[in-house]
Amino acid sequence: MATDIKDAAHAVEAAAVMRLLPARPRLLALGEPTHGEDTLLDLRNELFRQLVEQEGYRTIAIESDCMMGLVVDDHVTSGTGTLDEVMEQGISHGWGTCAANRELVRWMRAYNIRADNDGRPASERLRFAGFDGPLEITHAASPRQALTALHGYLAAQVDADLLPCTGETLDRLLGADDRWTDPAAMTDPAQSVGQSAEAGQLRLLADDLVALLDQQRPHLLATTPQDAWDRARLYGRTATGLLRYHYWMADTSPARMTRLCALRDSMMAHNLLALAERGPALVHAHNSHLQREKSTMQMWQGPVQWWSAGALVSAQFGQEYAFVATALGTIRHRAVDTPPPDTVEGLLYALPEERYVIDAPRLATTLGDTLPAPRVSPWFGYSPLAPAHLADSDGIVFVKDVPRS
């Protein structure tokens, strides 16, 4: 068995990952089982460099606020802002402080400048994107930024009579932003403004603005740069997605959290589908957002299940979407010790090298009908592999030990 498992293992290189796939995917998703560990982010960075240099990839998308990500994209493509400013303002969830994320942004900017300082042509430039909604597990953002940006783009390009409202009307209906971002609304639907009369009017206006954007597409593509059009579509997706999310935050039914988790991953999926129009991209997020199976989470009101962004994109893209999960042996600073030998992680931990790319379907065939035991994590922040999901992954990156960042 050990020999058969080793035959499915290869050095961690982009070329080894690509050999597992029938063709170069439009979206190559690399998952991680925990967040904020520089060892895993350094590995992601190295794979992205190789994909850029060997496979023609030009975009990386990470599990971060899609609106904030525009700040990073502006920096790496045109040098806007200092690196310190960009890391603070452009990456959400506090992950701008990760050394590996900072190194990724620094390298992308340097790559785009080139040694001769002329800058690469637009078609060769590296691009950065956040593909998460402006959401946290504790709250959701106000729709103000996305709504007003979409309205401003349209107001500058189309006849004022075609706009469904003025900017002043949007401002009045939005009110104070802290009404939308109140953390109490996540656990108490009564604290949400998502089903107020003003929120209902905003949903209709956002829908009309997105419809106008679509109706005016020939004119807008002829009169504004492609990037401006792409951003306007992002504003529209984000505005309508946030208003829908806030509506269901005010819901009192038992399905409330299931809907909210599903809405978040739906927003992620639509952002990924849009990014794929640029060309092949590396996507990096938690395994649970990228897997092809339903995702599950234990929350305060009980377990919830929903289809992940990866499952939604895979259903549309087929083999043009590839998913490689990351698994690991230990995170000793989190009390995650040596995995039991009868788990998938335990079998891989017994291999001699520190890192591998594993042919997941081949490993599943080697293991046969008797699945390994599921690993149980003593720390809530780490999610072990689900043995039953092995065959539905294209590959596994295994990291034996994760030291403290």
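Look above for the structure.
Since this is a predicted model, take the numbers as computed values, not measurements.

Reading the values: the criteria
- Residues numbered from 1 in each chain as written.
- Predicted model: local features only at pLDDT ≥ 70, side-chain atom pairs only at ≥ 80, totals over all residues.
- Heavy atoms only, no water.
- Helix = DSSP H or I, 4+ residues; strand = E, 2+ residues; numbered from the N terminus.
- Buried < 20%, exposed > 50% of the residue type's maximum accessible area, 1.4 Å probe, protein only.
- Contact = heavy atoms within 4.5 Å.
- Pairing = 2+ DSSP bridges.
- Axes fitted to C-alpha atoms, helices over the stretch in contact; angles between N-to-C directions.
- Phe/Tyr/Trp six-rings, centres within 6.5 Å; stacked < 30°, edge-to-face > 60°.
- Core = buried A, V, L, I, M, F, W, Y, C linked by side-chain atoms within 4.5 Å.
- Salt bridge = Lys/Arg side-chain N within 4 Å of Asp/Glu carboxyl O.
- Patch = residues over 30% accessible without salt bridge, like charges linked within 9 Å, V, L, I, M, F, W, Y side chains within 5 Å.
- Areas by Shrake-Rupley, 256 points an atom, 1.4 Å probe, with all protein chains shown as cover.

Enquirer: So what's going on with the side chain of N271? Which residues, and what values?
Expert: On the secondary structure map, N271 appears in helix α14 (residues 256–275). Residue class for N271 comes out buried when judged on its relative accessible area of 5%. Residues within four places of N271 in sequence aside, it is in contact with C66, F131, D132, L234 and R237.

Enquirer: Give a description of the sheet that holds strand β3 (residues 59–65) that names residues and reports values.
Expert: With mixed pairing, eight strands are arranged side by side in an open sheet as β1-β9-β10-β8-β2-β5-β3-β4. The sheet is open, and its two borders are formed by β1 (9–10) and β4 (127–132), each paired with just one other strand. Sheet topology note: the β1/strand β9 (residues 355–358) ladder contains two bridges and is antiparallel. Looking at the pairing, A9 lines up with I358 of β9. Each of β2 (27–32), β3, β4 and β5 (281–286) touches α14; the most contacted strand, β4, lies at about 155° to it.

Enquirer: Could you give an account of the packing of aromatic side chains, naming the residues involved and the relevant values?
Expert: Inspection of every chain in the model, using the stated rule, returns four aromatic pairs. Relative to W107, the ring of F48 has its centre 6.1 Å away and its plane inclined at 80°; by these criteria the two rings are edge-to-face. Taken together, the residues F48 in helix α3 (residues 38–55) and W107 in helix α6 (residues 99–113) connect sequence positions 59 residues apart. Pairing W107 with Y111 gives two aromatic rings, centres 5.5 Å apart and planes at 45°, and the pair type is tilted. In this pair, W107 and Y111 are both assigned in helix α6, four residues apart and thus about one turn of the helix distant.

Enquirer: Describe the nonpolar core, with residues and values.
Expert: Ranked by internal contacts, the top residues of the largest apolar core, which has 44 residues, are L28, F48, I60, M108 and F128. The element best represented in this core is α3, accounting for seven residues. With sequence-adjacent residues up to four places away left out, F128 is seen in contact with I60, I62, G69, V72, D73, V76, I91, L104 and M108. Counting residues in hydrophobic clusters, the runner-up holds 39 residues, among them I5, L275, L290 and L351.

Enquirer: Pulling in residues and values, what's your account of the pattern of salt bridges?
Expert: Tallied over the entire structure, the rule returns 20 salt bridges. For E103, the salt bridge goes to R49, with nearest N and O atoms at 3.6 Å. Placement of the pair is E103 in helix α6 and R49 in helix α3, with a sequence separation of 54 residues. Judged by relative accessible area, which is 29%, E103 ranks as partly exposed. Residue R49 is classed as buried on the basis of its relative accessible area, which comes to 17%. Members of the salt-bridge network, linked through shared partners, are D73, D74, R127, D227 and R231.

Enquirer: Just give me the short version of a nonpolar patch on the surface, but keep the residues and values in it.
Expert: On the surface, I137, M297 and W300 cluster together into a nonpolar patch covering about 300 Å² of accessible area. Note on placement: I137 falls in the loop between β4 and α7 (144–155). With a relative accessible area of 47%, I137 lands in the partly exposed category.

In short, shape yes, function no, at least from these values alone.
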